[in-house]
Each structure stands twice: as C-alpha cells, then as structure tokens.
Amino acid sequence: MKKLNYFLVLFSAFSQLILSQQKKQRTFWEIREYYDKMTIDDIRAMPSVKVYIQKAKRENNLPKLIQGYRDGRQFDLHNKMKYADSALAVSIKYNNKDDISKDYLSKGIIYYFYQKKYKLALNQYLKAYEYSKGSKDEYHHYKVIYHLGIVKEHLGYYDEALEHFEDCAEFYSSKSKQTMHENLQFNYKKAYYNSLHQMTVINRYLKNISTSDSLSELGYQLTKDDKDFIIENSYFLKCKGISKFYKKDLSRAQVDLERALPILLKRNDFAWSTVIYYYFGKISEVKNNQEEAIKYYSEVDSIFNKNGFILPEIFKNYNSLIEHYKDKDVKKELYYTNQLLKADSLISKDYPYLSKTLHRDYDRNSLIKQKEDIENAGRQKMWFASILIITGSVAFTVLTFRYIKDQKIKKQYDLLQKRIAEGNNKVIDIDAYQIPDNSLRKTILSPEITDEIKTKLEKFERENQFIRKRLTQNILASKLNTNSHYLSVYINENKGMNFNKYIAELRINYITNLLNTNNKYLNFTLEALADECGIVARQNFSKVFLEVNGIRPTDYIKKRKEDLGLS
C-alpha cells in the first residue's frame, strides 16, 4: 500500500513537471492565437499578453518583445502609454527604422484619440514620418500620411486633409482586393473604411452634401453585418443620421444615431458620442420636447467637463442651454455662460481657423434673439427695452472680449515663459515643430554636404551672426562657402521652414531672451528692439514677433514688467 502511495506521489509530481514544461514550451503563435481576434481594449486578453511578454524576455527575443508590448498597448485601456513607451524603447534598442516609426505613430494615436493632446500627437507623427522615409512598408507609409491628414483636418485645412484621405482610400482599397493573409486583408479594409469615414466628414464640413452622403452609404453597405467592422459601421451610421437630420427626416435620423451610439460609448469615443447627443437634442427641439432636449445638451456638457474637449460642430449646444435658463434660473444661466466662454477658449486654441466663424454666428444669433424679444414687448416698453438690451449687449460684448483677450495674452505669455525656462525657444530639428509644406520630398544633399552646412550654421547661430541687417540667402551662402540652393534645401528639410522664416525666428528668439534676462530692454522702443535684432522695420518686427511667440511685443513687455513689479 505504501508503495502504491509513493508511486502516486511520484506520478503526480512527474505529471506536473511535464505539464509545466509543455506550458513553457508553447510557441509565441500559440499564446497569441488566444487573443488574436479580440477587439481593441478587451482587457481579457492581458493575462495571455503578459505570458507572451515574459516568454520574449526569457528568450531575449527583441522582435517578439516589441510585439508583446504592442499587444499590451492594444488591449490595456488604462496603461496604453506605458506599453507604448516600452515598445518604443525596445524598438530603438533593436534599431529597426520601421519598428521605431510604427511605435512613434502609435504613441501619437494615443495622444490624439484617447487624450486629445494634439501638439504632442503631432510631434509623434512627425517622428514617425522621419523614420518611415525610404521604407518598403507601403501600408505603414500610408498610415503615417493618414494621421498627418487627421492633424490637418483638426487644424481646419480641410482641402489638404481631403487629399491625404483620398490617396489613402485609393491605396487601401486596391490592396484590400488582393489575395493575402486574412489579418493583412483585415488591416487594409479597416484602413480603407477609416479613410472613407474621414472623407465623409470633411465633405460634409465643406458642404459637399451629395458626395458626403454617397461615401457614408458606401461605407455603411461595405461594413453592414460584418462583425469585424462594427465600430466602422457605427461611424457611417452616425454620418447617415446627421445627414437625415438636416434633410428633416427626424425619425430615421433618430434610429441611425441610436444604433451608432452604444458602440461608440463602448469604444470610449467621447468626441463623436457628444456629437450624437447634440443631434438628439436638436431632434427633440424640433419635436418641441424641450425637457428632453435639455437632458441631451446637459449630457454634452457632462462629457465636456470630464474630458475637457468639445468639437466646433456642437459649440451651439450652450446657446440652447443659456436661452432655456434665461430669466428662469440665474445660477444655471451663469454656469452655462461660463461653460460657453470655457469652450470658446478651447476652440480658439485648438481650432484657430474655425473660431472666428463660430464667434460671428454666435453674435448674429444673439442679436436676432434680442431683436425678437424687443419686437414681442409692449409698445409702451419698446424704447426702454431697446436701450436696456443694446446697452447690456454692448457692455457684455466688450467685457467678454476683453476678458477673453486678457486670458489669451496671459496664457500665451505663460507658455512663452515656460518655453524659455525649458530652453525650447530655439530653432531646432524639424521633428519638434510644424509639418513642412514639402514634407514628402526626399533630400538631394549628400551626408557630407549636410554635415558641413550643419556645422557652419551652428557656428552662425552660436555667434549671433543673424542680427546683421539685410542678410539674404545668397549673402549667407557665400559666407558659408556653399551653394545657395544647397543652403535652401538644408534649411527647408532640417528646420522645416524657408530661409526668411528661419532668420526671422532666430532674431525674435534672440530679442526675446534679451527682454527676458535684461530689464533695460523692457524700456526700449519697438524701433530700437527691431534694430537690436537686425529687423529693419518696426511693423515687420511686431508681426514676426507675434507669429513666432504667439503674443505681441507690447503685450509681452507689459506682462514681463508686471511679473517683475516694474509697471
């Protein structure tokens, strides 16, 4: 009996050892197969993902470790940036340009989609583009172009963004029809549908309604009843619902939007979710259900409070809330007025090319409403009401715009001071700044010529030779013993700007540092400051100072004196 017990114990231990070895010997493919088909942000995938990562670490397999961290980034909603940073760090260690480019792009997507930090996203996209130059991976190349289009759309450059998405749609569509592995085909289809969605949205913004409708219908039919593209189908449903609202087909608009919303909420796409809530409110208003409309508009405000983000398309949400509570609830009227100013400030910052239009529309609508109030008042009160409304409107407008202006000046001043303190007010490499107009051009300079010009320009900047007046490209090229064309190409590709802008930024950064470090310059006239940094005309100095620093020189000097207690 004892022998039998010993045998059972030994057999159990041996079995556990065998099973343990089998578990450890699972291939990467076998581990990944468990979660390969799961949807994005499905946390159930993470135990297997962690097993995958540990196996890669034990075997010191860098390509697999990169993939493991990317999978973590894909499925762990709350730790996306942590896994993205880990993937990028290993890619840089592995030193594969395609991998580095992909991981910079992924970080940009997290900043853009999940955090709405557009400037940080732009920096990542530009780094991704730099590393993608010369790559044979066409899919990734067009993915970078797609996200550059996203940024241009965000900034209001709709025509340029549309060209990006049309190029991407053509490429991804042709590829998706070819015979290939199902995973690759899925990726190409997904990219194609996303490009179609962006084309749909931009065409609506550009008032190309028939084109927008055709694209949304095409996208909807292509993704209909396809469980792999439920999210994409919801985006097209959302577009169809909005279009039907403007065609006064309210019932069908409501149905489409109601079908789209749950998927977008599950996807945590709060930006488009707020758009749907806004149109629910508009539909309720048309149906004279004011109570329900206010409920939806309040939901938009709730999401705005939580995420600090609002799209220009739904800016008028606050007009309706203010009007609803006007003369009924002073506390709520004041609250939503403050929310309107807060939204206005964010839109002015994030959508500079759209904010003026929004201001104009809001002012016009306000005046029309005031006029209607006056016309509905009794004749005997007409004169008094007119004076009261006009005076109040003028006072409110003046105070509001003065407040907004002062806040913008303070914000720009603080941002500039932060840049100066961190040493970021310098003309540096392109990947830290804006997209060059010719961002897709490849260099024609040899590495030797590039290094030579770089060394000489660094000396030129270090010795402040740029403050020489009437400095031209030909003069500088001659001074550096190089070709004027070579100099132009180098500055465009490595500084992200043309020669004139390059010199202007050097001069403005120079005079800004003087204003910030030497109080005597705060008492100089604008002519004297312009002369000090090599700019001939005062008007040109003020204009360039504003373009580079985001604040007028007079405003900067005023704020600087206030900071130092000199005013």
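Bear in mind the structure is a predicted one, so any value in this text is a computation, not a measurement.

**Q** Honestly, the overall build of the protein chain in this entry has me stumped. Any pointers?
**A** Tallying secondary structure elements over the protein chain gives 26 helices and zero strands in all. For the protein chain, the residues scored as buried account for 45% of the 567 residues in total. Long-range pairs, those at least 24 residues apart, make up 61% of the contacts in the protein chain between residues at least 6 apart in sequence. Here the protein chain displays about 31,600 Å² of accessible surface, and carbon together with sulfur accounts for 52% of that area.

**Q** Before we go on, may I ask you to explain helix α13 (residues 250-266) in this structure?
**A** Each turn of an α-helix holds 3.6 residues, which means side chains three or four residues apart point in the same direction. Here α13 contains 17 residues, and its C-alpha end-to-end distance of 25 Å stays within 8% of the 24 Å for a straight helix at 1.5 Å per residue. Every buried residue belonging to α13 is among L250, A253, Q254, D256, L257, A260, L261 and L264, and all of these are buried. Against the buried residues of α13 lie α12 (230-246), α14 (270-286) and α15 (290-307).

**Q** Would you mind going over unusual backbone geometry with me for this structure?
**A** We note that D41 has phi near 70°; this positive angle belongs to a residue other than glycine. Note on placement: D41 falls in the loop between α2 (28-33) and α3 (46-58). When its relative accessible area of 19% is taken as the criterion, D41 is described as buried. For K248, which is not glycine, the phi torsion reads 65° and is therefore positive. Inspection of the secondary structure puts K248 in the loop between α12 and α13.

**Q** Please explain the packing of helix α24 (residues 526-533) against helix α25 (residues 538-549) as it appears in this structure.
**A** A pair of packed helices is characterised by two quantities: the angle between their axes and the separation of those axes. In the contact formed by α24 and α25, the axes pass within 9 Å of each other and the chain directions differ by 75°. Classified by the interaxial angle, the pair formed by α24 and α25 is roughly perpendicular. Facing α24, whose interface residues are L526, E527, L529, A530 and C533, α25 presents R538, F541 and S542. Of the residues contributing to the contact of α24 with α25, the split by class is five nonpolar, one polar and two charged.

**Q** Where do I start with the confidence of the model for the protein chain in this structure?
**A** For any part of a model where pLDDT is low, the fine detail of the predicted coordinates should not be relied upon. Per-residue pLDDT for the protein chain has a mean of 83; in total, 84% of the residues score no lower than 70. Predicted confidence is poor over residues 17-23, with pLDDT under 50, and the contacts of this stretch with residues over four places away or in other chains come to zero contacts.

**Q** Where do I start with the pattern of salt bridges in this structure?
**A** Side chains carrying opposite charge are able to pair once their charged atoms draw close together. Counted according to the given criterion, the structure contains 28 salt bridges. Ionic pairing is found between D103 and R73, a salt bridge with its closest N-O pair at 3.2 Å. Here D103, found in helix α6 (residues 97-114), pairs with R73, found in helix α4 (residues 62-75); they are 30 residues apart in sequence, far enough to count as distant. With relative accessibility at 13%, the residue R73 sits in the buried group.

**Q** Would you mind going over a negative patch on the surface with me for this structure?
**A** Together, D159, E163, E166, D167 and E170 line one region of the surface with negative charge. Take D167: it is sitting in helix α9 (residues 158-176). Note on D167: relative accessible area 42%, which makes it partly exposed.

**Q** In this structure, what is going on with the packing of aromatic side chains? I would like to understand it.
**A** Any aromatic ring pair is given by two values, namely how distant the centres are and how the planes are angled relative to each other. Under the counting rule described, the total for this entry stands at 33 aromatic pairs. Taking the centre distance of 5.1 Å and the plane angle of 45° together, the rings of F280 and Y296 count as tilted. Here the residue F280 occupies a position in helix α14, and Y296 occupies one in helix α15, the gap between them amounting to 16 residues. Each of the two residues, F280 as well as Y296, counts as buried. Through a chain of ring-to-ring contacts, the aromatic side chains of Y139, Y142, F171, Y172 and Y188 assemble into a single cluster. One Lys or Arg, K240, reaches over the ring of Y220 and ends 5.1 Å from the middle of that ring.

**Q** I keep staring at the side chain of K107 and nothing clicks. Help me out?
**A** Assignment of secondary structure puts K107 in helix α6. Among all residues touching K107, those that are not within four sequence positions of it are M81, A84, D85, L88 and Q124.

Reading the values: the criteria
- Sequence order as written defines the numbering, with residues in each chain counted from 1.
- Two thresholds apply to this predicted model, a pLDDT of at least 70 for residue-level local features and 80 or more for giving and counting side-chain atom pairs, whereas whole-chain, interface and lining totals are computed over all residues.
- Hydrogens and waters are ignored; side-chain quantities use all the structure's heavy atoms.
- Per the convention used, a helix needs a DSSP run of H or I reaching at least four residues, while a strand needs a run of E reaching at least two, with both numbered from the N terminus.
- Each residue's exposure class comes from its accessible area (1.4 Å probe, protein chains only) as a fraction of the maximum for that residue type: buried when under 20%, exposed when over 50%, partly exposed otherwise.
- Note on contacts: a residue pair qualifies if any of its non-hydrogen atoms lie within 4.5 Å across the two residues.
- The method behind every accessible area is Shrake-Rupley, applied with a 1.4 Å probe, and residues are considered shielded solely by the protein chains displayed.
- Take the number of residues in a helix, subtract one, and multiply by 1.5 Å to get its expected span.
- Helix axes are fitted to C-alpha atoms over the stretch in contact, other axes to C-alpha atoms as well, and angles between N-to-C directions run from 0 to 180 degrees.
- Roughly parallel refers to an angle under 35 degrees, roughly antiparallel to one over 145, roughly perpendicular to one between 65 and 115, and oblique to any angle outside these ranges.
- Ten residue types, Ala, Val, Leu, Ile, Met, Phe, Trp, Tyr, Cys and Pro, are classed as nonpolar, four, Asp, Glu, Lys and Arg, as charged, and the remainder, Gly among them, as polar.
- A residue's pLDDT is the predictor's confidence in that residue, given on a scale from 0 to 100.
- For this document, the term salt bridge refers to a Lys or Arg side-chain nitrogen within 4 Å of an Asp or Glu carboxyl oxygen.
- Patch definition: residues with relative accessible area over 30% and no salt bridge; like charges joined within 9 Å; nonpolar side chains (Val, Leu, Ile, Met, Phe, Trp, Tyr) joined within 5 Å.
- We treat Lys and Arg as the positive residues and Asp and Glu as the negative residues; His and chain ends play no part in the count.
- Charge placement uses NZ in Lys and CZ in Arg. For Asp and Glu, CG and CD serve respectively.
- A pair of aromatic rings is counted whenever rings of Phe, Tyr or Trp (Trp by its six-membered ring) have centres within 6.5 Å, and the orientation is called stacked for planes under 30 degrees apart, edge-to-face for over 60 and tilted otherwise.
- Only Lys NZ and Arg CZ are tested; either one counts as a charge over a ring when it is within 6 Å of the ring centre and within 35 degrees of the ring normal.

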